[in-house]
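For reference, the chains in residue letters:
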Amino acid sequence: QVQLVESGGGLVQAGGSLRLSCVASGSIFSIRAVGWYRQAPGKQRELVATITSGGSTNYADSVKGRFTISRDNAKNTVYLQMNSLKPEDTAVYYCNAEIKVVLALPPKSYWGQGTQVIVSS
């Protein structure tokens, strides 16, 4: 089995910073693209940032210049550094990864359980 576990969420004042972590564990052959998503109450889940296995990144316009996604392949971990946080960043943040468990099979999509981020004004 493969598990994704997010951590690092919490309560922070506007203008503050948090760093989220997403750790993949289990029977993993390789991790392809990884994305951070978020879902605010009453809203649809939205893409925040993605990073490919080669390190290429992409960001939602709403977080460009404030959030940075990175990965440590040796630790099977992806990070989301969030700076200059705003109340509208309040949401549950989810990690999604495309993971191959064996070479012969295509990658599958896995989700973590989410971590809550609350930004107070």
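Refer to the structure above for everything that follows.
The shown structure was predicted, so the numbers you read here are calculated from the model rather than taken from an experiment.

Asks: What should I look at first to understand the overall build of the protein chain in this one?
Replies: A tally of regular secondary structure across the protein chain gives zero helices and eleven strands. N-terminal to C-terminal, the α/β element order of the protein chain is β-β-β-β-β-β-β-β-β-β-β. For 121 residues, the compact-globule estimate of 2.2 N^0.38 gives 14 Å, and the protein chain sits close to it at 14 Å. Seen through its C-alpha atoms, the protein chain measures out along the principal axes to roughly 50 × 25 × 25 Å. In the protein chain, buried positions account for 39% of the 121 residues. Contacts in the protein chain between residues far apart in sequence, at least 24 positions, make up 57% of those at least 6 positions apart. A total accessible area of about 6,500 Å² is found for the protein chain, and carbon and sulfur atoms account for 50% of it.

Asks: Teacher, can you tell me more about the sheet that holds strand β1 (residues 2–7) here?
Replies: Backbone-to-backbone hydrogen bonds pair the strands of a sheet. The strands run either parallel or antiparallel. Spatially, the four strands line up as an open sheet ordered β1-β3-β8-β7, and their pairing is antiparallel. What marks the edges here is a single partner per strand, and that holds for β1 and β7 (67–72). Recorded for the sheet is a direction-independent mean angle of 15° between the axes of neighbouring strands. Sheet topology note: the β7/strand β8 (residues 77–82) ladder contains six bridges and is antiparallel. Looking across to β8, one finds that Thr68 is bridged to Gln81.

Asks: Would you mind going over the pairing of strand β11 (residues 115–120) with me for this structure?
Replies: Burial of β11 is one-sided: the residues Thr115, Val117 and Val119 facing one way are buried, the residues Gln116, Ile118 and Ser120 facing the other way are not. Two strands pair when backbone bridges link them, and strand β2 (residues 10–13) and β11 are joined in this way by four bridges, in the parallel orientation. Across the sheet, residue Gln13 finds its bridge partner in β11, namely Ser120. Two strands pair when backbone bridges link them, and strand β9 (residues 91–100) and β11 are joined in this way by three bridges, in the antiparallel orientation. Counterpart to Val92 in the pairing with β11 is Gln116.

Asks: I'm lost on the pattern of salt bridges in this one. Help?
Replies: When the charged atoms of two side chains lie near each other, side chains of opposite charge can form a pair. Throughout the structure, instances matching the rule amount to four salt bridges. As a salt-bridge pair, Arg38 and Glu46 come within 2.6 Å of each other at their nearest N and O atoms. By relative accessible area, which is 36% here, Glu46 ends up partly exposed. In this structure, the salt-bridge partner of Arg66 is Asp89, at a minimum N-O distance of 2.7 Å. Here Arg66, found in the loop between β6 (57–59) and β7, pairs with Asp89, found in the loop between β8 and β9; they are 23 residues apart in sequence, far enough to count as distant. Residue Arg66 is classed as buried on the basis of its relative accessible area, which comes to 10%. For Asp89, a relative accessible area of 0% translates into the label buried. If you follow the salt bridges from partner to partner, you end up with Arg38, Glu46, Arg66 and Asp89 in one network.

Asks: Teacher, can you tell me more about the nonpolar core here?
Replies: When a protein is soluble and globular, its nonpolar side chains tend to lie buried together. The biggest cluster of nonpolar side chains holds 30 residues, and the ones touching the most others in it are Trp36, Leu80, Met82 and Tyr93. At the level of secondary structure, the elements contributing two or more residues to this core comprise β1, β3 (18–26), β4 (30–39), β5 (46–51), β7, β8, β9 and β11. No other element matches β9, which puts five residues into this core.

Thresholds applied
- Residues numbered from 1 in each chain as written.
- Predicted model: local features only at pLDDT ≥ 70, side-chain atom pairs only at ≥ 80, totals over all residues.
- Heavy atoms only, no water.
- Helix = DSSP H or I, 4+ residues; strand = E, 2+ residues; numbered from the N terminus.
- Rg over C-alpha atoms; globule rule 2.2 N^0.38 Å.
- Buried < 20%, exposed > 50% of the residue type's maximum accessible area, 1.4 Å probe, protein only.
- Contact = heavy atoms within 4.5 Å.
- Areas by Shrake-Rupley, 256 points an atom, 1.4 Å probe, with all protein chains shown as cover.
- Pairing = 2+ DSSP bridges.
- Axes fitted to C-alpha atoms, helices over the stretch in contact; angles between N-to-C directions.
- Salt bridge = Lys/Arg side-chain N within 4 Å of Asp/Glu carboxyl O.
- Core = buried A, V, L, I, M, F, W, Y, C linked by side-chain atoms within 4.5 Å.

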